[in-house]
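Close look at the chain arrangement
Chain residues, written in single-letter form:
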Amino acid sequence: MRERVMSQGAGTLQDYEVLEMLLFPGVPRRDTKPLAKTLINAFGSLSGVLSASEKELRRHGAGPAALRLLALIPVLNERLSFSDGRTERFDISNWDALITYCNVTLAGLPGGQLHALFLDSKNQILVDDIIEEGGAAGLTSSDRSAALGSHAACSIAVALLRRALAYHASALITVRLACDDISSGEQMERERMLIEELMAAAPLLSVDFHDHLVQEKNGWLSFRSWRESLDCESQRL
């Protein structure tokens, strides 16, 4: 395959062969063709493999090294699309555009991730960052969310706003990807303290905090709409 790529170009490779070569650095000294074919058969295409969750990939035989390598591909694609200034920035100036971005770019990524969308003054994405949540490494998604007490929420909020200033961002949206073990409403409640920290502090730095989204089974839950529904229910009671 290497000789064919060098002589004829990578476009001559079939999907499983592209995946076979992608997997090789992560699984050295071993034939990666069986795993590549298994994954292609399981997910239908190379695109299907690259958009599959870590849990699904592991179920079909991908080991830790292969998972780490495959996780880089969506990140690489995202960085090429949104951070080099040579391509048109994604405009999310309305709800439909935001949901389209989340469905196309974020859906299918590992559950539990916290993303921050840093926007310019025209609500175009400057950077989409995955936020590392401090000492929560090694915890399950629900444990990590439950750990957002006042100190953790403040630390994450400070880190987010520092990045916003570094990127010269005018606005910020945070997005929590689905956690299998808890409902979207419970997830939102656990992150309320972080959201309220951002809502209070961001305007002091001339940064608009637009909203926080949590991925649901069939869509996305907005913090602002969720809070409004709670307020309405409270008034009825």
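Taken as a whole and assessed by the stated rule, the structure comprises three aromatic pairs. Centre to centre, the rings of F223 and W226 are 5.8 Å apart; their planes meet at 40°, and the pair counts as tilted. Highlighted residues: F223 and W226, both in helix α12 (residues 223-236), separated by three residues, approximately one helical turn. In this structure W226 comes out as buried when scored by relative accessible area, which is 10%.

Moving on, we get to the environment of A152. Mapped onto the elements of the fold, A152 is located in helix α9 (residues 150-166). With 42 residues separating them in the primary sequence, A152 and L194 have C-alpha atoms 8.1 Å apart.

With that out of the way, let us pick up the sheet that holds strand β3 (residues 171-176). The five strands are arranged β2-β1-β3-β4-β5 in an open sheet whose pairing can be described as mixed. At either margin of the open sheet sits one strand with a lone partner, and together these are β2 (125-130) and β5 (219-222). On average, each strand axis in the sheet is tilted by 25° relative to the strand beside it, whichever way the strands run. As paired strands, strand β1 (residues 114-119) and β2 are joined by five bridges and run antiparallel to one another. Note that in β2 the partner of F118 across the bridge is V127. Against the sheet, helix α7 (residues 95-106) engages β1, β2, β3, β4 (208-216) and β5, with an angle of about 130° to β5. The strands touched by α9 are β1, β2 and β3; relative to β1, the strand with the most contacts, the crossing angle is about 35°.

The subject of this paragraph is the nonpolar core. Ranked by size, the top nonpolar core spans 25 residues in total, and within it F118, L160, L172, M188, L194 and L198 carry the most contacts. Contributions of two or more residues to this core are made by β1, β2, α9, α11 (192-201), β4 and α12. Residues within four places of L160 in sequence aside, it is in contact with A116, F118, I131, L172, T174 and L198.

Put simply, the chain has an average pLDDT of 78, and 77% of its residues get 70 or more. Across the chain, the secondary-structure element scoring lowest on mean pLDDT is helix α8 (residues 141-146), at 45, and the one scoring highest is β3, at 95. Note that residues 83-87 has pLDDT below 50 and, in this model, six contacts with residues that lie over four places away or in other chains. Note on residues 135-147: pLDDT is under 50 here. Beyond four places in sequence and across chains, it has 20 contacts.

Conventions adopted
One numbering rule holds for all chains: residues counted from 1, following each sequence as written. Side-chain atom pairs in this predicted model are given and counted only at pLDDT of 80 or more, local residue features only at pLDDT of at least 70, and totals for whole chains, interfaces and linings cover all residues. Only hydrogens and water are removed before side-chain values are computed, so all heavy atoms of the structure are retained for them. Each aromatic pair joins two rings of Phe, Tyr and Trp (for Trp, the six-membered one) with centres within 6.5 Å, and gets the label stacked for planes under 30 degrees apart, edge-to-face for over 60, and tilted for any other angle. Elements are defined by DSSP. Helices are runs of H or I of four residues or more, strands are runs of E of two residues or more, and each kind is numbered from the N terminus. When accessible area is computed with a 1.4 Å probe and restricted to protein chains, residues below 20% of their type maximum are described as buried, those above 50% as exposed, and intermediate ones as partly exposed. For two strands to be treated as a pair, DSSP must find at least two bridges joining them. Here the axes come from fitting lines to C-alpha atoms, over the contacting stretch only for helices, and the angles between their N-to-C directions go from 0 to 180 degrees. When checking whether two residues touch, look at their non-hydrogen atoms; a contact exists if any pair is within 4.5 Å. In plain words, nonpolar cores are sets of buried Ala, Val, Leu, Ile, Met, Phe, Trp, Tyr and Cys residues tied together by side-chain atoms within 4.5 Å. pLDDT gives the predictor's per-residue confidence on a scale running from 0 to 100.

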